[in-house]
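# Examination of the molecular architecture
As a plain string of letters, each chain reads:
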Amino acid sequence: MATQAELFADARKRMVDSQIRPNRVTDPRILAAMRRLPRERFLPHAAVPLAYADEDVPLGHGRYMLEPMVLARLLQAATLREHERVLVVGANTGYSAAVLAACGCRVVALEEDPALLAIAEAILPQEAPGVTLASGPLGAGWPGHAPYDLILIEGAVPAVPPALAAQLHQETGRLLTAICCDGRATRAVQCEVTAGGPGMTAIFDCNTPPIPSLRRAPVFEF
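Okay, so let's go over this structure.

Cut-offs and rules
- Residues numbered from 1 in each chain as written.
- Predicted model: local features only at pLDDT ≥ 70, side-chain atom pairs only at ≥ 80, totals over all residues.
- Heavy atoms only, no water.
- Salt bridge = Lys/Arg side-chain N within 4 Å of Asp/Glu carboxyl O.
- Helix = DSSP H or I, 4+ residues; strand = E, 2+ residues; numbered from the N terminus.
- Buried < 20%, exposed > 50% of the residue type's maximum accessible area, 1.4 Å probe, protein only.
- Expected span 1.5 Å × (residues − 1).
- Bend = angle between axes of the 7 residues up to and from the residue.
- Contact = heavy atoms within 4.5 Å.
- Polar contact = N/O pair within 3.5 Å; in protein donor to acceptor, adjacent residues only side chain to side chain.
- Phe/Tyr/Trp six-rings, centres within 6.5 Å; stacked < 30°, edge-to-face > 60°.
- Lys NZ or Arg CZ within 6 Å of the ring centre and 35° of its normal.
- Arc of directions from axis to C-beta.
- Core = buried A, V, L, I, M, F, W, Y, C linked by side-chain atoms within 4.5 Å.
- Pairing = 2+ DSSP bridges.

Pairing between side chains becomes possible if they bear opposite charge and their charged atoms approach one another. Scanning the model with the defined rule gives 11 salt bridges in all. Salt-bridge contacts for Arg174 lead to Glu84; the nearest nitrogen and oxygen are separated by 2.7 Å. In this pair, Arg174 sits in strand E7 (residues 174-179) while Glu84 sits in the loop between helix H3 (68-78) and strand E3 (85-89), placing the two residues 90 residues apart along the sequence. On the basis of relative accessible area, Glu84 is assigned to the buried category, the value being 5%. Between Arg187 and Asp205 there is a salt bridge, with its nearest N and O atoms 3.0 Å apart. Taken together, the residues span a long stretch of sequence, with Arg187 in strand E8 (residues 187-194) and Asp205 in strand E9 (residues 197-205) at a distance of 18 residues. Judged by relative accessible area, which is 40%, Arg187 ranks as partly exposed. What emerges from the salt-bridge pattern is a single network uniting Lys13, Asp17, Arg21 and Arg35.

Here's what the structure looks like:
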């Protein structure tokens, strides 16, 4: 009979092979990281059975762990570069930050929920010791480590908070999130700082839940 560890390892493999790769995610670093990292360890006990489901996993208080396919496609769109400085906003328990770290990025994981921070503090030193965990309001970002080459907002927002946009590197900076507003479909987007000014590119439609504390984010027009 298979052990629980073997069952989880098989679930990780099936997640990558049935959810990630069929959605045109080809970066070997992303595939390897998501095949290796024990997603179940980043979840509260009650949510562990949903660790490898193709859906956003509820973490409590209106917060969610991103659907695996959505996270993988966002990171694929980012065209990650070795040693890039990355800020994950709304990092919850640290899974996305751990994936980014496994891809060779220098990661700051910003979270404001004490319960989620407690899980991240317990698991990140074991699974992604290079990640810097920060506690504070999500909309303020983490200016002490700015500028960032990449900012990932781990959830949907009506608009990009100006404080986050201001922390992007003026030459290499880009921001990934999902935009939800005015009753329209939620859409994953990449925002970039370009020579002609800031620009936003739609990547794909999604059903990513909003981050409660950023629902009324001040408007920053990319």
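Here the focus is helix H5 (residues 114-127). The first and last C-alpha atoms of H5 sit 20 Å apart over 14 residues, in line with the 20 Å expected at 1.5 Å per residue. Along H5, the helix axis deviates most sharply at Glu121, where the bend reaches about 25°; the proline Pro125 sits within four residues downstream. Listed in full, the buried residues belonging to H5 are Leu116, Leu117, Ala120, Ile123, Leu124 and Glu127. Buried-residue contacts for H5 involve helix H2 (28-36), strand E1 (57-60), strand E2 (63-65), helix H4 (95-102), strand E4 (106-111) and strand E5 (132-135). N-cap assignment for H5: the residue whose side-chain oxygen lies 2.9 Å from the backbone N of Ala115 is Asp113.

What follows is about the packing of aromatic side chains. The final tally for this structure, using the stated rule, is 2 aromatic pairs. With 6.3 Å between their ring centres and 50° between their planes, Phe8 and Tyr52 make a pair best called tilted. Of the two residues, Phe8 sits in helix H1 (residues 4-20) while Tyr52 sits in the loop between H2 and E1, which places them 44 residues apart along the sequence. Its relative accessible area of 11% is what places Tyr52 among the buried residues. Positioned over the ring face of Tyr95 is Arg39, at 5.0 Å from the centre of the ring.

Looking now at H2. Those residues of H2 not exposed but buried are Ile30, Leu31, Ala33 and Met34. In a view along the axis of H2, the buried residues occupy a sector of 165°, so they form one face of it. In this fold, the buried residues of H2 make contact with H1, H3 and H4.

Time to look at the nonpolar core. Formed by 56 residues in total, the largest nonpolar core has its most connected members in Met34, Tyr95 and Leu100. With 7 residues, H3 is the single largest residue contributor to this core. Excluding residues that lie within four positions of it along the chain, Tyr95 makes contacts with Met15, Met34, Leu37, Arg39, Phe42, Met65 and Leu71.

Turning to the environment of Leu59, a few remarks are in order. Mapped onto the elements of the fold, Leu59 is located in strand E1. Considering only alpha carbons, one finds Leu59 and Arg35, 24 residues apart in sequence, at a separation of 22 Å. Residues contacting Leu59, with those up to four places away along its chain left out, are Leu43, Pro44, Tyr64, Met65, Asn92 and Leu116.

Relative to E2, E1 runs antiparallel, the two being bridged by 3 bridges. Along E2, the bridge assignment pairs Val57 with Met65. Where E1 folds back on E2, the antiparallel hairpin that results is connected by 2 residues, among which His61 adopts a positive phi of roughly 55°.

This brings us to the pairing of E7. The side chains of a regular strand alternate, first on one face of the sheet and then on the other. Burial runs high along E7: 6 of the 6 residues are buried. A two-sided burial pattern is seen for E7, the buried positions comprising Arg174, Leu176 and Ala178 on one face and Leu175, Thr177 and Ile179 on the other. As paired strands, strand E6 (residues 150-157) and E7 are joined by 5 bridges and run parallel to one another. Among the inter-strand pairings, Leu152 is bridged to a residue of E7, identified as Leu176. Across 6 bridges, E7 lies against E8 in antiparallel orientation. Considered in E8, the bridge of Ile179 is made with Arg187.

Purely geometric numbers; function is a separate question.
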